Amino acid sequence: MNYPAIDTELLRTFVAIADYGGFTRAAEMVNRTQSAVSMQMKRLEEDVLQRAVFERDGRQVRLTAEGQILLGYARRILKLHGEVMNTLRQPHMVGSVRIGTPDDYVMRFLPGILSRFAQAYPLVQVEVHCDSSAQLLQRQDLDLTIVTRKPGDDIGEFLRQERIVWAEAIGFTPHEQPALPLAMFNSECFCRAWACNALDAIGREYRVAYTSPSLSAIMAVVSAGLAVTAQLQSLITPDMRILGEAEGLPQLPVCNIMLLRSERHQSPVTETLAEHIIEGFRI
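The protein goes by LysR substrate-binding domain-containing protein in an unreviewed UniProt entry, where it is assigned to Metapseudomonas resinovorans. Checking UniProt for the protein, the heading Sequence similarities (unreviewed entry) contains the comment "Belongs to the LysR transcriptional regulatory family."

Attention shifts here to the side chain of Thr270. Mapped onto the elements of the fold, Thr270 is located in helix α10 (residues 268-281). A relative accessible area of 1% means that Thr270 is categorised as buried.

In this structure, Ile164, Trp166, Ile277 and Phe281 are the most contacted members of the largest nonpolar core, which totals 54 residues. Here Phe281 is in contact with Tyr105, Phe109, Ile113, Ile146, Leu159, Arg160 and Ile257, once residues within four sequence places are set aside. If you look at the next biggest cluster of nonpolar residues, it comprises 21 residues, including Val15, Phe23, Met41 and Leu63.

Take the pairing of strand β5 (residues 144-149) next. Among the 6 residues in β5, 6 count as buried, and that is most of the element. Here strand β3 (residues 95-101) runs beside β5; their pairing, made up of 2 bridges, is parallel. By the bridge assignment for β5, Gly100 is matched with Thr145. Note that β5 and strand β11 (residues 254-261) share 6 bridges and pair antiparallel. Directly across from Ile146, in β11, lies its bridge partner Leu259.

With that settled, consider the pattern of salt bridges. On inspection of all chains with the given rule, the structure shows 12 salt bridges. Glu55 serves as the salt-bridge partner of Arg62, at 3.8 Å between the closest nitrogen and oxygen. Across the pair Glu247 and Arg241 runs a salt bridge whose closest N-O atoms are separated by 3.6 Å. A single salt-bridge network, built from bridges that share partners, covers Arg98, Glu127, Arg139 and Asp141.

Running from amino to carboxyl end, helix α6 (residues 110-120) crosses α10 at an angle of 140°, the nearest separation of the two axes being 9 Å. Relative to α10, the element α6 lies oblique. Crossing geometry of α6 relative to α10 is assigned as right-handed. Residues Ile113, Leu114, Arg116 and Phe117 of α6 touch α10, and the partners they reach there are Val269, Thr272, Leu273, His276, Ile277, Gly280 and Phe281. Here the contact of α6 with α10 is composed, by residue class, of 7 nonpolar, 3 polar and 1 charged.

Reading the values: the criteria
- Residues numbered from 1 in each chain as written.
- Predicted model: local features only at pLDDT ≥ 70, side-chain atom pairs only at ≥ 80, totals over all residues.
- Heavy atoms only, no water.
- UniProt positions renumbered as here; feature names shortened; annotations may be inferred.
- Helix = DSSP H or I, 4+ residues; strand = E, 2+ residues; numbered from the N terminus.
- Buried < 20%, exposed > 50% of the residue type's maximum accessible area, 1.4 Å probe, protein only.
- Core = buried A, V, L, I, M, F, W, Y, C linked by side-chain atoms within 4.5 Å.
- Contact = heavy atoms within 4.5 Å.
- Pairing = 2+ DSSP bridges.
- Salt bridge = Lys/Arg side-chain N within 4 Å of Asp/Glu carboxyl O.
- Axes fitted to C-alpha atoms, helices over the stretch in contact; angles between N-to-C directions.
- Parallel < 35°, antiparallel > 145°, perpendicular 65-115°, else oblique.
- Left-handed = near helix turned anticlockwise from the far one by under 90°.
- Nonpolar A, V, L, I, M, F, W, Y, C, P; charged D, E, K, R; others polar.

And the structure:
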């Protein structure tokens with residue numbers, strides 16, 4: 001059976017709508033008018049798929065069950081399309097690039113991003129520098145910098161929004177101790193500041209029992225049942241459980257993960273890796 005081809009531009013617009021929650025913001029991201037975006041989605045639904053991918057409620061749009069399925073495939077298709085085009089256009093790209101990132105994102109996001117980048121551009125040298133967002137913002141020697149910001153205090157290009165959550169190891173109850181033992185990053189960590197401020201606001205007694213600049217060290221302490229931590233929800237491992245108001249802990253805010261490009265160190269190498277980072281954080 002011959003099926004109609006799906007234009008990657010239709011998929012790119014569809015993903016933008018899903019990511020930004022509406023046609024207006026998506027139109028800005030794909031550099032099209034809102035009417036053009038509406039026409040694209042009409043074509044996708046009526047001519048290509050012959051089924052609805054959005055449920056419309058006034059100005060709000062939500063993905064249908066079919067839309068949720070398409071979203072996963074669309075992200076994969078666009079990722080592969082980008083890799084093919086980058087590889088064929090610049091197959092012998094060489095050089096080096098310096099990335100700055102908080103330790104949080106190294107284990108969760110960077111392995112897949114760097115693996116795909118290395119397959120496409122094996123001659124590019126990548127240096128990864130880990131530090132807090134506050135320290136990274138002070139550096140002038142980085143080509144690309146990933147930082148965490150409060151909503152409304154954003155700089156750079158939006159990558160992802162994450163909720164901060166409390167977590168402890170399954171089978172342990174350190175949250176029941178009179179003074180809540182915490183395992184956190186150093187004093188410059190925004191998670192630590194938000195967690196302590198939230199506990200202070202409800203009068204919950206606590207102590208910062210363990211500190212480390214390494215996420216793996218913090219998670220090892222938590223996995224041993226020695227403390228509670230507050231981290232991005234996507235970093236919580238299967239051997240841990242998320243805590244909340246039922247355990248007497250306050251809700252924590254969301255944060256935005258942003259990508260900054262150096263104005264002084266622009267090159268095809270840095271721009272290509274930036275594209276991989278953007279795609280990798282949205283998977």
